[in-house]
Amino acid sequence: MTTFLKLLFRNRLAAVGAVVLAAILLLALITPILPLADPDVTATADRFQRPFSTGHLLGTDHLGRDLLSRLLWGTRLSLAVGIVAALVAATIGSGIGIVAGYFGGRTDNIIMRGVDMLMAFPYILLALAIVAALGPGLMNALIAVAAVNIPFFARNIRGVTVGLAGREFIDAARLAGMGHTRIILTELLPNVLSTIVIAMSTTVGWMILETAGLSFLGLGSQPPQADLGSMLGEARSALITNPHTSVVPGIMIFLIVMSINLLGDGVRDALDPRLRSGALTRPRAVTLVDRRGNVPHADQKGLLNIQQLETQFHVGPRVYRAVNKVSLHVNPGEALGVIGESGSGKSVTALSVMGLVASPPGVITGGAVRYEGEDLLAASYDSLRRKRGNNVAYIFQDPLSTLHPLYRVGDQLIEAIQAHHKVPDAEAKARAIELLKAVRIPNPESRIRNFPHEMSGGMRQRVGIAMALANDPDVIIADEPTTALDVTVQAQILSLLDDLRRERGLAIIFITHDFGVVAQLCDRVAVMYAGRIVEEGPTATILEHPAHPYTKRLMACVPELGGGKRELAAIPGLPPVVSDLPPGCAFAPRCTKATEACQQGEIDLAGTATHTVRCIHPEEELA
Ligand code: ADP
Ligand code: MG
């Protein structure tokens, strides 16, 4: 509940709506005890007094009745009718929806066709027809407005319920011997409640408007009783001569509906799980770079050279230092491994290279990424876009989520090619077939007509690699490309990548959490922990002589084929949260060799020209 309120009030507009609505509701509640004139007493001598005249703060109407008093009493009535109508519609509509969705089949069919029939009429016409049949009056207007809104709730809630009714927890409840009523009330209702609240918060304003509309037409509240709609209706004839009589209720309706809608939008954003995770914040096309002069001088290392990169996430007052002064480089034809536990900052490092970290909340606060000497962090969006996929390409973990499910893989490859090269379709298609051949997909001529779901995981990842190869990039950044695959397929994919880099002179940055994979593919390896490189060196050296205790522990996690009986050691403890890192070595709390000195002050990467480690008690002294 408190997180809900926090989320809600982070949205400024919703907060404004809530304040305005609270003020109006309060006014409506205390209206009976305010020293107001009787709203229905006419005094024709005082008709059409201007606002701010003595005794009548907002003036009087065509019968000399006090507008302030009528406004407050009218607001009270309109709010009450609108809210009650919304509650009635929500209760009946949701009830219908839950029952239809839960029982399904013929029950669902009969109920929903009935609802469809209600929906087939223009709703205002339907409301008019209902009032005409029942006779004018506020109560009947309420019934009419509630009735025309029932289908909206029924449809919404049925949709959600159908999704829930087939789920295991409902089966479990049935197996536990619960009856239908109990399942609906204790299992389904709590799960659809937020949807009901969302639907209500976005329709209450609408229903108040509809009630006012009926009253305006003389079908709702009857004279002399005031509600906002009837006040507007009576003021119609004096619209030009005495505009204040219509402006006063008009502004009130505007305020009520605006504040309810703003608040309702806020409630929906805060309650809807899909929106809560930030689906509404459109990330920028390029990660925000705010380096404040924190740019290292170019050094002539490698084809792609990441220098002192700092990428942070600014979430509210918190700063997550996901990548903290990371330096990496890779040469043509070289495979660099980046290894570390989940959450150590590998993916964020990789995504920072091409400005792909979502902003907000991501910000690159320092460092440089140099591709052939050019600083990509300073490059314009256009130049970056031309390099994405063309010079530096990515392969991600799950090809099922990176390939578009509705397009054939061939078309997606052709699209990737044509994004950077204006080639005719036939040529692009020939090239797509060639690419599939290059990634060892058998029978590529027919395979390009497959949809992603028609392929196995290993095949899909091959397509992912083909996409990355589509424009002959110089660097491929592979972010755990084999993690979702089983071991034999993983071995095939690794040997494919190895062949490709030898054939084409590709530079590969290979991100993984598995030392076995590093050993198979990589020339050099960098070990990451809590956003920093803790050790870097040639793979063979590090496998033989790991210097950082963390590296050693990571290697102990890999099972060895034919290694006999050996206990697989998990690393005790959890990686730290990168928002408040302790001073000194972030691994110290989990390290058996840690001393007091480890937790005081920064520890530098030190060692030889090729093998460096960030530790004051390394497993082995580096000569
Ligand atoms: P991994 O090494 O598993 O690829 P990541 O690079 O994805 O790790 O994440 C590094 C750190 O950045 C993690 O601690 C994670 O919590 C944090 N992080 C990643 N994305 C966000 C985000 N959108 N908001 C806040 N923190 C994030
Ligand atoms: Mg990752």
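Not measured: the values here are computed from a predicted model. (Residues numbered from 1 in each chain as written. Chains lettered and ligands numbered in written order. Predicted model: local features only at pLDDT ≥ 70, side-chain atom pairs only at ≥ 80, totals over all residues. Heavy atoms only, no water.)

### Quick notes on the UniProt feature "transmembrane region" (unreviewed entry) in the protein
Summarizing the sequence annotation, UniProt attributes the feature "transmembrane region" (unreviewed entry) to residues 12–34, 77–103 and 115–135 in the numbering used throughout. Between the C-alpha atoms that bound residues 12–34 the distance is 31 Å, and the span itself is 83% helix and 0% strand. Helix makes up 100% of residues 77–103 and strand 0%. Its end C-alpha atoms lie 39 Å apart. (UniProt positions renumbered as here; feature names shortened; annotations may be inferred. Helix = DSSP H or I, 4+ residues; strand = E, 2+ residues; numbered from the N terminus.)

### Concerning the packing of aromatic side chains
The tally for this structure, following the rule as stated, stands at 7 aromatic pairs. Between the aromatic rings of Tyr529 and Phe587, the centroid separation amounts to 5.2 Å while the plane-to-plane angle is 80°, which identifies the pairing as edge-to-face. Here Tyr529 is found in strand E10 (residues 524–529), whereas its partner Phe587 is found in the loop between helix H22 (549–556) and strand E12 (606–607), with 58 residues between them in sequence. Each member of the pair, Tyr529 together with Phe587, is buried. Taken together, the ring pairs in this structure connect Tyr529, Tyr550 and Phe587 into an aromatic cluster. Taking NZ or CZ as reference, Arg236 lies 5.0 Å from the ring centre of Phe216, over its face. (Phe/Tyr/Trp six-rings, centres within 6.5 Å; stacked < 30°, edge-to-face > 60°. Buried < 20%, exposed > 50% of the residue type's maximum accessible area, 1.4 Å probe, protein only. Lys NZ or Arg CZ within 6 Å of the ring centre and 35° of its normal.)

### Focus: the side chain of Asn149
If you trace the backbone, Asn149 turns up in helix H6 (residues 138–165). Judged by its relative accessible area of 6%, Asn149 is buried. Those residues within four positions of Asn149 in sequence are excluded, and the remaining contacts are Ala89, Trp206, Met207 and Glu210. (Contact = heavy atoms within 4.5 Å.)

### Digging into the UniProt feature "domain: ABC transmembrane type-1" (unreviewed entry) in the protein
This chain's UniProt record puts "domain: ABC transmembrane type-1" (unreviewed entry) on residues 75–264. Between the C-alpha atoms that bound residues 75–264 there is a distance of 19 Å. The span itself is 84% helix and 0% strand.

### Some details on the sheet that holds strand E9 (residues 507–512)
Taken in spatial order, the 8 strands make up an open sheet running E7-E8-E9-E4-E10-E11-E13-E12, and their pairing is mixed. Every interior strand has two partners, whereas the edge strands, strand E7 (392–395) and E12, have only one. Inspection of the sheet shows E10 paired to strand E11 (residues 532–538) by 6 bridges, in the antiparallel sense. Directly across from Tyr529, in E11, lies its bridge partner Arg532. Sitting on the sheet, H22 touches strand E4 (335–339), E10 and E11, and the angle it makes with E10 is about 105°. (Pairing = 2+ DSSP bridges. Axes fitted to C-alpha atoms, helices over the stretch in contact; angles between N-to-C directions.)

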